[in-house]
Structures are given as C-alpha cells and as structure tokens.
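# Topology and contacts: notes
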Amino acid sequence: MPWNNQSGGGRRGGGGGGPWGQGPSGGPHQQPDLEELLKRSQDRLKQVIPGGAGPPGFLILLLMLGGGLLVAYFAFFFIVRVDEVGVVMRFGKFDRQVEPGLHLRLPYPIEEVQLPKFTRQNIIEIGFESARGRGGGRDVPAESLMLTGDENIVVVGFVVRWRIKDAQKYLFNIQKPDETVREVAESAMREAVGQSNIKSLITEGRLKTEEAVQKLMQEVLDYYGAGIAIEQVTMQKSEPPPQVIDAFRDVQAAEADKEKYQNEASAYAGKIVREARGDADRILLAAKGYQQQTVADAVGQSARFLKVYDEYKKAPDVTRKRLYLETMERVLGGAEKIILDGKAGQGVIPFLPLDQLQKRKEGGN
Amino acid sequence: MFKALTAALVALVGVAAAIAYLSMFIVHVNEQVVVLNFGSPKRVINQPNGKDGPGLYFRIPLVETVDYFDKRILDLDSPPYEVNALDQKRLMVDSFARYRITDPLLFYQAVRNESGVRERLKPIIESSLRRVLGSATFQDIVRDKREALTKRIAQQVNVDGKEFGLEVVDVRIKRADLPDQNQKNVFERMRAERQREAAEIRADGTGASNRIKADADRQVTIIKAEATREAERTRGDGDAERNRIFAEAFGRDPDFFAFYRSMQAYEVGMKAGDRVGETRMLLSPDSEFFKYFNNPNGGVLPGGQPKR
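Since this is a predicted model, take the numbers as computed values, not measurements.

What counts, and at which threshold
- Residues numbered from 1 in each chain as written.
- Chains lettered and ligands numbered in written order.
- Predicted model: local features only at pLDDT ≥ 70, side-chain atom pairs only at ≥ 80, totals over all residues.
- Helix = DSSP H or I, 4+ residues; strand = E, 2+ residues; numbered from the N terminus.
- Buried ≥ 20, exposed ≤ 12 C-beta atoms within 10 Å, placed from the backbone.
- Pairing = 2+ DSSP bridges.
- Axes fitted to C-alpha atoms, helices over the stretch in contact; angles between N-to-C directions.
- Contact = placed C-beta atoms within 7 Å.
- Nonpolar A, V, L, I, M, F, W, Y, C, P; charged D, E, K, R; others polar.
- Core = buried A, V, L, I, M, F, W, Y, C linked by C-beta atoms within 7 Å.
- Expected span 1.5 Å × (residues − 1).
- Bend = angle between axes of the 7 residues up to and from the residue.
- Parallel < 35°, antiparallel > 145°, perpendicular 65-115°, else oblique.
- Left-handed = near helix turned anticlockwise from the far one by under 90°.
- pLDDT = per-residue confidence, 0-100.

As a further point, take the overall build of chain B. Looking only at helices and strands, chain B features 7 helices and 10 strands. Buried residues in chain B amount to 28% of all 308 residues.

Okay, here's the thing in structure tokens:
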C-alpha cells in the first residue's frame, strides 16, 4: 500500500522519529480516513433529507453535526506546541514551516505535518550511565576506556547536549539522529583523546578536549547536513582506569610529600638562620663589651699609674721604697713563710717535706 | 427510491476514492521511488540530481507498483575487528559508515534493501579497514593520521559502493582500543611509569630539602664567621687602644713603670686569696725585705746582694 509503505518511518520516538510513520505527538492530524469521509457525506445527505421523527431525529442530527465539526477540526487544524515547530508538506513536498500556535491545514493526504521538538535540549551520555534516582552512576567500560596519544588508557565519561538547528534538514537528511549524534560523539572524543596525553587529560586539558570534541562533532554533523547543533560537550569524568588509579594517587601524594619536605627544610632553615643571627649579635656584643672593658681598664690603670707617678716624681726614693715594702707586706702577709738562712739551709731545702707541711696545715685547721 | 439513489451515490464515491487511492501516490522529500511495471523498473522519482522531485504522482493501478527508498543519510555499523598495525601492534577497531542511496534503481537491483547493504558492504569495509590500517603505524591510527586514514577507507569503499548505487559519505573509527591482553600490559606500564614518577618527585623533594638545609647551614656558618671576624676586630681595637693608652702613660718613665708594674704583679701573682697559707714562700733572710730584719741600720748582710 503506497501510503503506508514508508521505508524509513516509525523509528524510536522523541524529537527524532521517522518522519512520516507516526508523528511525535501521536498524529491526530491524520485521523480522517475514508470511512469518516463516507460518514460525513452520509451526514450531509441526511441533513438534506428531512427526517421523519421529531425530537429524536433532531437530536441525532445535532450529534452528527457535532461529530462532523470534530472531524473537521482534526482535518483542518493542527496545534504546534511551544517546544515544537510545524513542518508542513503538501503532497510530500516541503510547503511551509510554522511557529507554535493553532494553524490551518488541508486534510491528509494533501498536507502532512511534522512536529519535531525544536527547542528541546537532548542529552546523550557516553561512557557512563547516570542512574537517575538510584544515586551514583555506573561506568560503561566498553565506551569509557580510551587510548591516549602516549599509549595510556584513560576512563572518560561525557555528556553531549544537542538541539535541532534546522528542522527541515533534521527531518529530511538523516535517518537516525540520536544514534548518529552518539556515534559521532564517540568517534570525536576518541580522536581528541588520541591526540592528547594522559597528564593533560586528567588535569587541565579537559576544557580544551571538550572544545575540540564539540567543534569536530559540529563539523561532521554539518557535513552530513543533519541540521543539529551541538550545544555543549561536558566531560563528567576523565581519570585513570581503576586498575592503576592507586599509582596515580601516589603521584599526587608524592607531590604533597615533596612540598612537605621542602616546607620542613624551609622551616629548619628559617630557624637556624635566625638563631645564628642571634648568636652573631651575641658575639659582637661580647666583643664590644670586651673592647670597652679593656679600654676602660687601661684608662683606669694608666690613670692610677700616672697618679702614683706624680707622687713618685716628688720623692722618688722614698716612694719606691714605700711601694716595695707595702707590696711585700701584702704579699707576704697572706703567705706561709719559711725563712732559711742561705748558708744554713743550703743542705736542707731538698729534703724539706713540703707535702707534709701542707697536710699538717690542713689538719691544723 | 431515494435510498437506492443514496446507495448508488455512496458506491460511486467509494469506487472513485478507491481508484484515486490506487492510482495516486506521494513521494516525500526524504524518499526516492522506483516505479516498476510488472516487476521491471520503469522510472525513478526524486533521485538525487534527478529531474522529478517530490510530489504527487500517478500510476496505472495493478500494473505499476512502487518501491520506496530512503533518501536520507543511512547508517551502517560494523562490528569491531582486530587489526594489525604496521608495527605489529594489535588494535580492536570499531567503525561505522554513513551512506546514502544515489541510484535507487541500481540499488534495487544490486542489494534490494538496507539489510542487503549490510551483507554486501560489510566485508568490503572490513577488508578496506584492514588494508588501510595495516599500512599505518599504531601511532598514526590513534593519534596522528586518523582523519586521513578514514578518508582513505571511505574512498576505497566508495569504489565498490558505486556498483550498488550508493555513496559512502563517511567512514569513522568509533573506537580503536587495545585487545584485553595488551590492555593489561598497558596498565602494568602505566603503573610502573607512575611509580617512577612518584619516586622522582619524592627524590626531588628530598633533594630540594637537602639543598635548602645545606644553604641554611652555609648561611649560619657565614653569619657566625662574619660575626667572629667583626668581634675579633673589635677586640683588637680594644687591645690596641689599651696598648696605646698604656704606652702613653707608662712611656713617661719606663724605669718606674717596670718597678711599679712588678709590684703589682707580685701582689696579684702571689696573692694568698681568701685563705691564708695558700702560698708558701721560702725566703732568704738576706733579701732586700729583710734589710732591717737583722740590722736596724740597714746594713746588708754578708753574702746578701744589695737590692736596688
């Protein structure tokens, strides 16, 4: 049957879907078929022919009129919802595109209406499944493990947000928009990851990769004439595989250790240098003290000497003698003395028991 | 009579509608159509670059049948193949192709429908993939020349695709991963590399720490040495000053100074301190001190040296 034999139609719903299979919103616009048309003509006939029975006949007429109106409404009008855009085709040819609202149309099969979700943002998750409501996502290893340019493996999970850019192209140019976006996204991400090193991927390189993927995807989709705009590519996850993540964590720990070592060393350095400055000040002050003391001492001594000398000059001999005797007095006054006659003691000195003398003295005390 | 007329009218309309239904068909923008006359192709509608576009068309009911083909870009997903790169490294390559039917008639004759395409095109894509990727190195596939390689695959597939009335728009490598076994090796290597890196970082840390400490020690040594130098200079200044002061004072009468200083030295040097008897002296009675000890007149004892 030609009307129904649509080769590409009837695919999974959403904004995509095969164009003429079943419209996204269930397609009330295509309701009237031949039977209804027939019914309607019968209605008209009955209207022309005055019915026999009074009130019940009138009631039936009213009901038929209402039904006719309803059918006419579905046949001649359609509603474009706020997030949709209406693409009207006349005999299969694109005729016009209309904004949200109530619109007139010719009944099927003359005109057909497609209502892609024009403003809706579609989200595709790759590399992980965010378990909505259940909490915590799950990796999809086949999708998430990627080879980097330096032959490492990285786990990547990302989200692509896309929107219809051109409703006609979107409807007429590609068969499976959802799948196409997904496959292009995977291919683009792997290409971008393949051109980066793991270091940059797990640290500061994410943003660059996201941009590269978005750009690449847009290029490919534009090349397909898909009428799709990639709005955003977000890397939810970009980390080393779980098999080696401990080694990567250890690298971070090592960085922290390095910092710690340096800080400790700096603390030590600060401490001992400060202490050394203190010591240096102490040494300098001690030296200053010595200098001042020495000079003061010298000044004092010389002053004393000069005083004595002034006295001495007046009577040198007497003073000299006096000084000598006074000194001896003080020196000998405090000492233990043994006076030996030079001649008599000559033989004795060697045998004098000095130690015992000492002891005796102490014992005496 | 009225009833019969009505019935006839209804029947007429019904027959007319049925004829219309059977003799008209619509070709949509995204479709191309081959009209067959008892099974043999007669005309093609809405072919790319063809003269008939989408719209309403007529056919002879029951004689002509209509086959619809998609005009959009269609997908063809290949299973992953294990490919040997030029440098004997193995890769699991998962690719997909996008194609479009350019000649529905040829397409109809050669492959009939999309599943037919799958049958026929898959081996072609696989062999082309192996041929092209096998002539490239692992690095080229993963990093450097992916775009160019896929372009080449698409070109090669296109040559065969033309015979099926289709055009391969694009071939892309969705995934190029290592086989499981090699993956383990990579994990091993990654771990080893990270461990080395961690060790290097720690060693750097220790090195830096040692450097900082050594530098601090050096600074300390220098600070102390400079302080000592300065201190010695200060002490020297002090000593010099002292010497100068003494020289100036004592230089007036060296002889008296010698005497005076000796007296002081005796006193300090032999000072008993607090305890009497600390110093013990053997004295000769004929010393100067005892000059008057034996002789109040001050005569020097026989044998004694007269002291000045």
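When its secondary structure is counted, chain A shows 11 helices and 12 strands. By residue count, 29% of the 365 residues in chain A fall in the buried class.

Here we take up the sheet that holds strand β2 (residues 86-90) of chain A. All names here are of chain A. The sheet built from 3 strands is open, its strands ordered β3-β2-β5 with antiparallel pairing. Edge positions in the open sheet fall to β3 (93-98) and β5 (111-114), since each of these has one partner strand only. Adjacent strand axes in the sheet meet at a mean angle of 25°, parallel and antiparallel pairs treated alike. Sheet analysis places β2 next to β5, joined by 4 bridges and oriented antiparallel. In the strand pairing of β5, R90 is matched with E111.

Contact with chain A, which involves 100 residues of that partner, is made by 102 residues of chain B. Residue contributions to the side of chain A that touches chain B peak at 38 residues, all from helix α8 (residues 245-314) of chain A. Class assignment for the residues of the side of chain A that touches chain B results in 55 nonpolar, 23 polar and 22 charged.

Bringing the pairing of strand β3 (residues 40-45) of chain B into the picture now. Residue and element names in this part refer to chain B. Examined bridge by bridge, strand β2 (residues 31-37) and β3 share 5 bridges and lie antiparallel to one another. Directly across from V35, in β3, lies its bridge partner R43. Two successive antiparallel strands, β2 and β3, enclose a turn made up of 2 residues, where F38 displays a positive phi of approximately 50°.

Attention now moves to the nonpolar core. As a rule of thumb, nonpolar side chains are buried together in soluble globular proteins. Ranked by size, the top nonpolar core spans 89 residues in total, and within it V154, A188 and M217 of chain A carry the most contacts. It is strand β10 (residues 153-164) of chain A that contributes the most residues to this core, 8 residues altogether. With residues near it in sequence (within four places) discarded, A188 of chain A still touches V213, L216, M217 and V220 of chain A. Of all hydrophobic cores here, the second largest spans 6 residues; its members include A280 and I283 of chain A together with I223 and A227 of chain B.

Our focus in this paragraph is the sheet that holds β2 of chain B. Residue and element names in this part refer to chain B. Spatially, 3 strands are ordered β3-β2-β5 in an open sheet, and the strand pairing comes out antiparallel. Each end of this open sheet is capped by a strand with a single partner; those strands are β3 and β5 (64-70). Sheet twist, expressed as the mean angle between neighbouring strand axes with direction ignored, is 25°. In terms of strand pairing, β2 meets β5 through 7 bridges, oriented antiparallel. Note that in β5 the partner of V33 across the bridge is Y68.

This paragraph deals with helix α3 (residues 114-134) of chain B. Residue and element names in this part refer to chain B. In this model, α3 (21 residues) spans 29 Å end to end at C-alpha, consistent with the 30 Å of a helix rising 1.5 Å per residue. For α3, the principal kink sits at L121 and spans about 35°; a proline, P123, occurs within the next four residues. Where α3 is concerned, the buried positions are V117, L121, I125, S128, L129, V132 and L133. In the core, the buried residues of α3 are packed alongside β6 (74-77), β7 (81-84), β8 (90-101), α4 (138-144), α5 (146-161) and β9 (166-177).

Turning our attention to the packing of α3 of chain B against α5 of chain B. The geometry of a pair of packed helices is captured by two quantities: the angle between their axes and the separation between those axes. Residues and elements named next belong to chain B. Two elements in contact, α3 and α5, have axes whose closest approach is 9 Å; the angle formed by their N-to-C orientations is 140°. One way to sum up the angle between α3 and α5 is to call them oblique. When you trace α3 past α5, the crossing you get is right-handed. When α3 is examined against α5, the residues L121, I124, I125, S128, L129, V132 and L133 are found in contact with a partner set consisting of L149, R152, I153, Q156, V157, D160 and G161. Considered class by class, the residues forming the contact of α3 with α5 number 9 nonpolar, 3 polar and 2 charged.

Turning next to the environment of L147 of chain A. All names here are of chain A. Looking at the element boundaries, L147 is found in strand β9 (residues 145-147). For L147, a count of 24 C-beta atoms within 10 Å gives the class buried. Separated by 47 residues in sequence, L147 and G194 place their C-alpha atoms 5.9 Å apart.

Compared with the 27 Å implied by 1.5 Å per residue over 19 residues, the 27 Å span of helix α7 (residues 206-224) of chain A between its first and last C-alpha is a close match. Inspection of α7 of chain A places T209, V213, Q214, L216, M217, Q218, V220, L221 and Y224 of chain A among the buried residues, and these make up the whole buried set. Where α7 of chain A is buried, its residues contact α4 (167-173), α5 (177-194), α6 (198-202) and β11 (228-239) of chain A together with β8 and β9 of chain B. A positive backbone phi angle near 65° is found at G225 of chain A, which sits one or two residues after α7 of chain A.

Attention now goes to the packing of α5 of chain A against α7 of chain A. Residues and elements named next belong to chain A. Closest axis-to-axis distance for the α5/α7 pair is 9 Å, and the angle between their directions is 135°. As the angle between them shows, α5 and α7 are arranged oblique. Crossing of α5 against α7: the hand is right-handed. Contacts between α5 and α7 pair T180, V184, A185, A188, M189, E191, A192 and V193 from the former with T209, A212, V213, L216, M217, V220, L221 and Y224 from the latter. Split by residue class, the contact of α5 with α7 holds 13 nonpolar, 2 polar and 1 charged.

Residues and elements named next belong to chain A. Burial runs high along β2: 4 of the 5 residues are buried. Across 5 bridges, β2 lies against β3 in antiparallel orientation. What sits directly across from V87, in β3, is Q97. Linking β2 to β3, which pair antiparallel, is a turn of 2 residues; within it F91 sits at a positive phi near 45°.

Let us look at the environment of R90 of chain B. By the element assignment, R90 of chain B lies in strand β8. With sequence-adjacent residues up to four places away left out, R90 of chain B is seen in contact with E82, N84, P179 and N182 of chain B.

A few words now on unusual backbone geometry. With a phi close to 45°, F91 of chain A is a non-glycine residue in the positive phi region. Among the structural elements, F91 of chain A can be located in the loop between β2 and β3. Overall, F91 of chain A belongs to the partly exposed group, with 19 C-beta atoms counted inside 10 Å. A positive phi angle, near 70°, is found at L62 of chain B, a position not held by glycine. Relative to the assigned elements, L62 of chain B resides in the loop between β4 (55-58) and β5.

Mean pLDDT over chain A works out to 79, with 75% of the residues at or above the 70 mark. Confidence drops under pLDDT 50 across residues 1-29 of chain A; counting only partners more than four residues distant or on other chains, this segment forms 60 contacts.

Residues and elements named next belong to chain B. Of the residues in chain B, 92% reach a pLDDT of 70 or more, and the chain-wide mean stands at 84. Put simply, strand β10 (residues 280-283) is where chain B has its lowest mean pLDDT, 70, and helix α6 (residues 180-250) is where it has its highest, 91. Low pLDDT, under 50, characterises residues 303-308; the stretch is placed with 5 contacts to residues that sit more than four places away or in other chains. Predicted complex metrics record ipTM = 0.70 and pTM = 0.67.

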